[in-house]
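So you can see what is in the structure, the chains are spelled out below.
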Amino acid sequence: VAQLPLPELEIPSLRDRASATAHAPGRELLDPGASALPPTQLLSNGRYAVALRPNGAGWSRWRGADVTRSRDDALRDAHGSFVYLRRRGESAALSVTQHPAPDPEAQYRARFGADHAVFSATWPDLRVHCTVWVSPEDDVEFRRIELWNTSAGSVELDVLSAFEICLSEARADEMHPAFANLFVSARWD
(Lines give C-alpha, C1' and ligand atoms only; values in the text may rest on other atoms or scores of the structure.)
Protein backbone atom coordinates (compact mmCIF):
# COMPACT_ATOMS: atom_id res chain seq x y z
CA VAL A 1 0.00 0.00 0.00
CA ALA A 2 1.51 3.25 -1.06
CA GLN A 3 1.19 6.20 1.25
CA LEU A 4 0.04 9.37 -0.37
CA PRO A 5 1.15 12.62 1.17
CA LEU A 6 -1.64 14.42 2.98
CA PRO A 7 -2.38 17.84 1.63
CA GLU A 8 -1.54 20.59 4.02
CA LEU A 9 -4.65 22.11 5.48
CA GLU A 10 -4.70 25.82 5.64
CA ILE A 11 -6.53 26.76 8.82
CA PRO A 12 -7.28 30.46 9.00
CA SER A 13 -6.42 32.24 12.22
CA LEU A 14 -9.09 33.93 14.31
CA ARG A 15 -7.90 37.29 13.01
CA ASP A 16 -8.27 36.10 9.38
CA ARG A 17 -11.78 34.77 10.06
CA ALA A 18 -12.83 37.98 11.82
CA SER A 19 -11.47 40.04 8.92
CA ALA A 20 -13.30 37.90 6.35
CA THR A 21 -16.54 38.13 8.35
CA ALA A 22 -16.22 41.89 8.71
CA HIS A 23 -16.03 42.27 4.92
CA ALA A 24 -18.71 39.71 4.04
CA PRO A 25 -21.61 40.89 1.86
CA GLY A 26 -24.45 42.48 3.79
CA ARG A 27 -22.14 43.70 6.57
CA GLU A 28 -21.91 47.33 5.53
CA LEU A 29 -21.74 50.05 8.13
CA LEU A 30 -25.01 51.98 8.26
CA ASP A 31 -25.49 55.56 9.40
CA PRO A 32 -28.89 55.93 11.10
CA GLY A 33 -30.96 58.59 9.38
CA ALA A 34 -28.80 58.58 6.24
CA SER A 35 -31.65 57.50 3.96
CA ALA A 36 -35.35 58.33 3.75
CA LEU A 37 -36.24 54.62 3.62
CA PRO A 38 -33.86 52.85 5.99
CA PRO A 39 -33.10 49.17 5.49
CA THR A 40 -34.69 46.74 7.93
CA GLN A 41 -32.90 43.70 9.32
CA LEU A 42 -35.12 40.65 9.95
CA LEU A 43 -33.80 38.01 12.34
CA SER A 44 -35.92 34.88 12.74
CA ASN A 45 -35.93 31.18 13.53
CA GLY A 46 -39.31 30.63 11.85
CA ARG A 47 -41.33 31.13 15.03
CA TYR A 48 -39.76 34.12 16.77
CA ALA A 49 -38.78 37.19 14.75
CA VAL A 50 -37.11 40.54 15.40
CA ALA A 51 -37.09 43.43 12.91
CA LEU A 52 -34.58 46.25 13.42
CA ARG A 53 -33.77 49.51 11.67
CA PRO A 54 -30.35 51.23 11.78
CA ASN A 55 -31.66 53.71 14.38
CA GLY A 56 -32.52 50.87 16.81
CA ALA A 57 -36.30 50.90 16.38
CA GLY A 58 -38.18 47.73 15.53
CA TRP A 59 -40.35 44.96 16.91
CA SER A 60 -40.31 41.44 18.32
CA ARG A 61 -42.97 38.92 17.29
CA TRP A 62 -43.73 35.33 18.35
CA ARG A 63 -46.03 33.15 16.22
CA GLY A 64 -48.01 36.11 14.89
CA ALA A 65 -48.36 37.97 18.20
CA ASP A 66 -46.37 41.14 18.84
CA VAL A 67 -44.20 40.78 21.94
CA THR A 68 -43.30 44.48 21.78
CA ARG A 69 -45.61 47.21 20.60
CA SER A 70 -44.94 48.37 17.05
CA ARG A 71 -46.37 50.75 14.49
CA ASP A 72 -45.45 50.80 10.82
CA ASP A 73 -44.31 54.43 10.88
CA ALA A 74 -40.85 54.92 9.40
CA LEU A 75 -40.93 58.67 10.16
CA ARG A 76 -41.20 58.33 13.92
CA ASP A 77 -39.84 54.83 14.61
CA ALA A 78 -40.87 55.27 18.23
CA HIS A 79 -41.18 51.60 19.21
CA GLY A 80 -38.76 48.81 20.01
CA SER A 81 -36.55 47.36 22.73
CA PHE A 82 -34.08 50.01 23.80
CA VAL A 83 -31.02 50.09 26.05
CA TYR A 84 -30.15 53.27 27.92
CA LEU A 85 -27.07 54.50 29.76
CA ARG A 86 -27.18 57.02 32.57
CA ARG A 87 -23.99 58.45 33.94
CA ARG A 88 -23.86 58.54 37.71
CA GLY A 89 -24.88 61.95 38.99
CA GLU A 90 -26.83 62.84 35.84
CA SER A 91 -30.60 62.57 35.55
CA ALA A 92 -30.90 62.06 31.78
CA ALA A 93 -30.70 58.56 30.34
CA LEU A 94 -29.27 58.30 26.82
CA SER A 95 -29.96 55.48 24.39
CA VAL A 96 -27.17 53.37 22.90
CA THR A 97 -28.99 53.66 19.55
CA GLN A 98 -30.03 56.79 17.70
CA HIS A 99 -33.64 56.28 18.86
CA PRO A 100 -35.31 57.16 21.18
CA ALA A 101 -32.99 59.37 23.32
CA PRO A 102 -29.88 60.24 21.30
CA ASP A 103 -26.95 62.19 22.65
CA PRO A 104 -25.66 64.91 20.29
CA GLU A 105 -22.13 64.12 21.57
CA ALA A 106 -22.31 60.48 20.41
CA GLN A 107 -21.64 58.92 17.04
CA TYR A 108 -24.15 56.15 16.22
CA ARG A 109 -23.65 53.31 13.72
CA ALA A 110 -25.33 50.01 12.85
CA ARG A 111 -24.03 46.90 11.14
CA PHE A 112 -26.38 44.19 9.87
CA GLY A 113 -25.03 40.66 9.45
CA ALA A 114 -26.76 37.53 8.20
CA ASP A 115 -27.69 36.35 11.69
CA HIS A 116 -27.30 39.40 13.93
CA ALA A 117 -27.32 43.18 14.16
CA VAL A 118 -24.78 45.35 15.97
CA PHE A 119 -25.48 48.87 17.15
CA SER A 120 -22.61 51.02 18.33
CA ALA A 121 -22.37 54.36 20.08
CA THR A 122 -19.11 56.20 20.63
CA TRP A 123 -18.37 59.04 23.05
CA PRO A 124 -14.98 60.62 23.75
CA ASP A 125 -14.61 58.45 26.89
CA LEU A 126 -16.87 55.47 26.17
CA ARG A 127 -17.68 52.95 23.43
CA VAL A 128 -20.78 50.72 23.50
CA HIS A 129 -21.85 47.79 21.31
CA CYS A 130 -25.29 46.20 21.47
CA THR A 131 -25.48 42.90 19.56
CA VAL A 132 -28.91 41.41 18.83
CA TRP A 133 -29.63 37.90 17.57
CA VAL A 134 -32.41 35.28 17.70
CA SER A 135 -31.68 31.78 18.95
CA PRO A 136 -32.05 29.19 16.17
CA GLU A 137 -33.31 26.56 18.66
CA ASP A 138 -35.37 28.49 21.20
CA ASP A 139 -37.95 31.24 20.76
CA VAL A 140 -35.91 33.99 22.37
CA GLU A 141 -33.85 37.01 21.38
CA PHE A 142 -30.53 37.94 22.93
CA ARG A 143 -29.06 41.39 23.44
CA ARG A 144 -25.43 41.58 24.52
CA ILE A 145 -24.17 44.94 25.76
CA GLU A 146 -20.41 45.57 25.67
CA LEU A 147 -18.91 48.67 27.30
CA TRP A 148 -15.37 50.00 26.83
CA ASN A 149 -13.97 52.82 28.92
CA THR A 150 -11.62 54.67 26.54
CA SER A 151 -10.58 57.33 29.05
CA ALA A 152 -7.85 57.31 31.67
CA GLY A 153 -10.39 57.82 34.50
CA SER A 154 -13.29 55.78 35.77
CA VAL A 155 -16.78 55.98 34.29
CA GLU A 156 -19.78 55.03 36.43
CA LEU A 157 -22.93 54.07 34.55
CA ASP A 158 -26.41 52.74 35.14
CA VAL A 159 -27.59 50.43 32.34
CA LEU A 160 -31.34 50.30 31.74
CA SER A 161 -33.49 48.51 29.21
CA ALA A 162 -37.09 49.19 28.31
CA PHE A 163 -39.75 48.16 25.85
CA GLU A 164 -43.49 48.50 25.62
CA ILE A 165 -45.09 45.09 25.88
CA CYS A 166 -48.01 44.17 23.61
CA LEU A 167 -48.71 40.39 23.63
CA SER A 168 -51.41 40.56 20.96
CA GLU A 169 -51.71 40.67 17.19
CA ALA A 170 -50.63 43.98 15.63
CA ARG A 171 -54.06 44.76 14.15
CA ALA A 172 -55.84 44.13 17.46
CA ASP A 173 -53.36 46.33 19.31
CA GLU A 174 -53.73 49.16 16.79
CA MET A 175 -57.53 49.08 17.10
CA HIS A 176 -57.60 48.90 20.92
CA PRO A 177 -54.18 49.67 22.46
CA ALA A 178 -55.71 50.50 25.85
CA PHE A 179 -57.29 47.02 26.05
CA ALA A 180 -53.90 45.27 25.98
CA ASN A 181 -52.60 47.69 28.62
CA LEU A 182 -55.33 46.60 31.06
CA PHE A 183 -53.50 43.31 31.64
CA VAL A 184 -49.94 44.63 31.90
CA SER A 185 -48.24 46.06 34.95
CA ALA A 186 -44.72 47.48 35.10
CA ARG A 187 -42.17 47.91 37.87
CA TRP A 188 -38.54 48.85 38.27
CA ASP A 189 -36.30 45.86 38.94
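Data block above holds the structure.
These lines cover the structure that appears in this document, whether it is placed above or below. Please read these numbers as outputs of a predicted model, since none were measured by experiment.

Description of the sheet that holds strand β12 (residues 157-162)
- With antiparallel pairing, three strands are arranged side by side in an open sheet as β7-β6-β12. Each edge of the open sheet is held by one strand with a lone partner, namely β7 (94-95) and β12.
- As paired elements, strand β6 (residues 82-87) and β12 share six bridges and run antiparallel to each other. For Val 83, the partnering residue across the bridge sits in β12 and is Ser 161.

Side note on the sheet that holds strand β9 (residues 117-122)
- Spatially, the five strands line up as an open sheet ordered β1-β8-β9-β10-β11, and their pairing is antiparallel. Two strands in the sheet have a free side with no partner beyond their single neighbour: β1 (29-30) and β11 (141-149).
- Alignment of strand β10 (residues 126-134) against β11, held across nine bridges, turns out to be antiparallel. In the sheet register, Thr 131 faces β11, and the bridge partner there is Arg 144.

Focus: the side chain of Ser 81
- Mapped onto the fold, Ser 81 is located in the loop between β5 (65-68) and β6.
- When its relative accessible area of 15% is taken as the criterion, Ser 81 is described as buried.
- In this structure Ser 81 touches Gly 56, Thr 68, Arg 143, Ala 162 and Phe 163, once residues within four positions along its chain are discounted.

Observations regarding the packing of aromatic side chains
- Summed over all chains, the structure comprises three aromatic pairs.
- On the basis of an interplanar angle of 80° and a centroid distance of 6.5 Å, the ring pair of Tyr 108 and Trp 123 is categorised as edge-to-face. Of the two residues, Tyr 108 is situated in strand β8 (residues 107-112) and Trp 123 in the loop between β9 and β10; the sequence distance between them amounts to 15 residues.
- On the basis of relative accessibility, which here comes to 10%, the residue Tyr 108 falls in the buried class.
- Lying across the ring of Trp 59, Arg 61 places its NZ or CZ 4.0 Å from the centre.
- Above the ring of Trp 148, the side-chain terminus of Arg 127 is found at 4.4 Å from the ring centroid.

Comments concerning a nonpolar patch on the surface
- Side chains of Phe 179, Leu 182, Phe 183 and Val 184 sit close together on the surface and give an oily, nonpolar patch of about 460 Å² of accessible area.
- Among the structural elements, Val 184 can be located in the segment after α3 (177-181).

Some points on the nonpolar core
- Grouped together as the largest cluster of nonpolar side chains are 23 residues, with contacts concentrated most on Leu 52, Leu 85, Phe 119, Trp 123 and Val 132.
- Looking at this core, the elements that each hand over two or more residues are β3 (48-52), β6, β8, β9 and β10.
- Top contributing element to this core by residue count: β10, with five residues.
- Discounting chain neighbours no more than four positions away, the residues touching Val 132 are Leu 43, Val 50, Leu 52, Asp 115, His 116, Ala 117, Phe 119, Glu 141, Phe 142 and Arg 143.

Cut-offs and rules
Residues numbered from 1 in each chain as written. Predicted model: local features only at pLDDT ≥ 70, side-chain atom pairs only at ≥ 80, totals over all residues. Heavy atoms only, no water. Pairing = 2+ DSSP bridges. Helix = DSSP H or I, 4+ residues; strand = E, 2+ residues; numbered from the N terminus. Buried < 20%, exposed > 50% of the residue type's maximum accessible area, 1.4 Å probe, protein only. Contact = heavy atoms within 4.5 Å. Phe/Tyr/Trp six-rings, centres within 6.5 Å; stacked < 30°, edge-to-face > 60°. Lys NZ or Arg CZ within 6 Å of the ring centre and 35° of its normal. Patch = residues over 30% accessible without salt bridge, like charges linked within 9 Å, V, L, I, M, F, W, Y side chains within 5 Å. Areas by Shrake-Rupley, 256 points an atom, 1.4 Å probe, with all protein chains shown as cover. Salt bridge = Lys/Arg side-chain N within 4 Å of Asp/Glu carboxyl O. Core = buried A, V, L, I, M, F, W, Y, C linked by side-chain atoms within 4.5 Å.

Remember, this is a structural readout, not a statement about activity or role.
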